[in-house]
Amino acid sequence: MVRIILIAIGLVVLIALARVAYMIVPAAGWLSSHEPRLADRCQSLEVAPGTEDVTIHPEAGIAFVSAADRRTPNPPAGGIWTFDMADPDGTLTYASVDGPEDFQPHGISLYIGEDGVQRLFVINHPVAGGHTVEIFDIDDQWRLFHAETISYPELSSPNDLVAVGPRQFYATNDRGFVGGIMEPIEAYFGLPTSSVSYFDGETGRIAAGGLIYANGINISADGRTLYVAEFLGRAVNLYDRSPETGALTHRRRIGVRTGADNIEIDESGELWIGAHPRVFDFLAHMEDESVIAPSHVIRVNPETGQTVTVLYTDGEELSGSSVGAPWRYQFVVGAVFDSNVLICPRG
């Protein structure tokens, strides 16, 4: 009997080790290599620490940059910066002049209504604790004026969001466990415990689960397909969406062989994703700014699943890329900790 118990314990340990190896080896980037691509042709623009998310107005070419200092304990308030893609250096502006005092922005989403309403939705992680979504109205000079704050229990570990109405949105929860022994176990074992919440304008609820570190999120032009990146799952999920109810039905999972972060969408419907090909390099960079980490931007065709590398650098020009936002013949790359963005040619 003792022998059977020992064999069972041994099998459990072996299975656990196999699962950890299954997650760690790809995440470390040991099975893939990349050649430098395009970074030497990019312009660097200094903005503010932590240019984590970028989105660009599709008609006006105004880039919105979410920036917060994620390394400093008790950091000063972050903010949203804007610049015109036609003249980045000459138009860089601090736009969130009416933001909350305790403002640490993360993922952002631009909403443009059929009635002409323009709003920016922002994930906020206040220093005081908790998580909120801040909604800003945008005036004709691209300044942001705070409209309202939204929070609900299912907004438990928000990373990114996508607006689908004037006060409706989906948001990713990148972890199922926050704090305690289960948090590192969730990460190292790649437990599918993260989720997507939906706020319908009145209440919030969980709309999808079973994800391995849900991260970036976006939606198709017709509002019927939701895209969700899995950072540790190294994949992008496609969901059929009901515009009437907000309900999601999983359609497809596309493996991308890199740690997918924020998702932006170009005029043809292809997904542009900032990514982390070597997670442990990124974690070292998080702890020490002198340690560089690769920046990787990929383009994914959601219909065919074809994935191509658009930009790759070992980190000299920009470390730890988190977004690649396309606009016409250019795209903008932001990073989790660095204070600059790269403005790069497409093609």
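Computed from a predicted model, the values in this text were never measured in an experiment. Think of each chain on its own: its residues are numbered from 1, step by step along the sequence as written. Whole-chain, interface and lining totals are the exception, using all residues; otherwise, since this is a predicted model, local features are given only for residues with pLDDT of at least 70 and side-chain atom pairs are given and counted only at 80 or more. Side-chain numbers come from the whole structure's heavy atoms, not from hydrogens or water.

(A) Highlighting the nonpolar core. To qualify as a nonpolar core, a set must consist of buried Ala, Val, Leu, Ile, Met, Phe, Trp, Tyr and Cys residues joined through side-chain atoms within 4.5 Å. For every residue, the accessible area obtained with a 1.4 Å probe (protein chains only) is divided by the maximum for its type, and the residue is called buried under 20%, exposed over 50%, and partly exposed between those limits. Ranked by size, the top nonpolar core spans 16 residues in total, and within it Val 54, Ile 56, Phe 83, Met 85, Val 332, Val 341 and Ile 343 carry the most contacts. Other than its neighbours up to four places away in sequence, Ile 343 contacts Cys 42, Gln 43, Leu 45, Phe 83, Met 85, Pro 88, Gln 330, Phe 331 and Val 332. If you look at the next biggest cluster of nonpolar residues, it comprises 14 residues, including Ala 208, Ile 219, Val 228 and Tyr 239. Should any heavy atoms of two residues lie within 4.5 Å, those residues are considered in contact.

(B) Inspection of the state of the cysteines at higher detail. The disulfide definition used here is simple: a pair of cysteine sulfur atoms within 2.5 Å. Per the counting criterion, the structure on display carries one disulfide. Paired by a disulfide, Cys 42 and Cys 344 hold their sulfur atoms 2.1 Å apart. With the S-S bond torsion at 115 degrees, the cross-link from Cys 42 to Cys 344 turns out right-handed. With Cys 42 in the loop between α1 (2-28) and β1 (43-46) and Cys 344 in strand β24 (residues 340-345), this pair connects stretches of sequence that are 302 residues apart. In this structure Cys 42 comes out as buried when scored by relative accessible area, which is 16%. In this description a helix means any DSSP run of H or I spanning at least four residues, a strand means any run of E spanning at least two, and both kinds are numbered starting from the N terminus.

(C) A look at the sheet that holds β24. Within the open sheet, the four strands sit side by side as β1-β24-β23-β22. Their pairing is antiparallel. Whereas interior strands pair on both sides, the edge strands pair on one side only; in this sheet they are β1 and β22 (321-327). Strand-to-strand twist across the sheet, computed as the mean angle between neighbouring axes with direction ignored, equals 25 degrees. As paired elements, β1 and β24 share four bridges and run antiparallel to each other. Bridge pairing in β24 links Gln 43 to Ile 343. When DSSP finds two or more bridges between two strands, those strands count as paired. Angles run from 0 to 180 degrees between N-to-C directions of axes, and those axes are lines fitted to C-alpha atoms, restricted for helices to the stretch in contact.

(D) Layout of the pattern of salt bridges. Salt bridges, as used here, are contacts in which a Lys or Arg side-chain nitrogen is within 4 Å of a carboxyl oxygen on Asp or Glu. Summed over all chains, the structure comprises 12 salt bridges. With its nearest N and O atoms 2.8 Å apart, the salt bridge here joins Arg 143 to Asp 139. Owing to a relative accessible area of 34%, Arg 143 belongs among the partly exposed residues under this scheme. Looking at Asp 139, the relative accessible area reads 18%, which means it is buried. Across the pair Arg 175 and Asp 174 runs a salt bridge, and its minimum N-O distance is 3.3 Å. One salt-bridge network, held together by shared partners, links Asp 174, Arg 175 and Glu 183.

(E) A look at the side chain of His 296. Here His 296 lies in strand β20 (residues 295-300). Two N or O atoms form a polar contact when they lie within 3.5 Å of each other; inside protein one atom must be a possible hydrogen donor and the other a possible acceptor, and for residues adjacent in sequence the pair counts only when both atoms belong to side chains. Of the polar contacts made by the side chain of His 296, one reaches the side chain of Thr 309; its length is 3.0 Å.

(F) Up close: the sheet that holds strand β8 (residues 132-138). Taken in spatial order, the four strands of this open sheet run β6-β7-β8-β9, and their pairing is antiparallel. Every other strand in the sheet has two partners, leaving β6 (105-112) and β9 (144-150) as the edge strands with one partner each. The sheet shows a mean angle of 25 degrees between the axes of neighbouring strands, taken without regard to direction. Taken together, the six bridges between β8 and β9 define a ladder with antiparallel strand orientation. Across the sheet, Glu 134 pairs through a bridge with Thr 149, a residue of β9.

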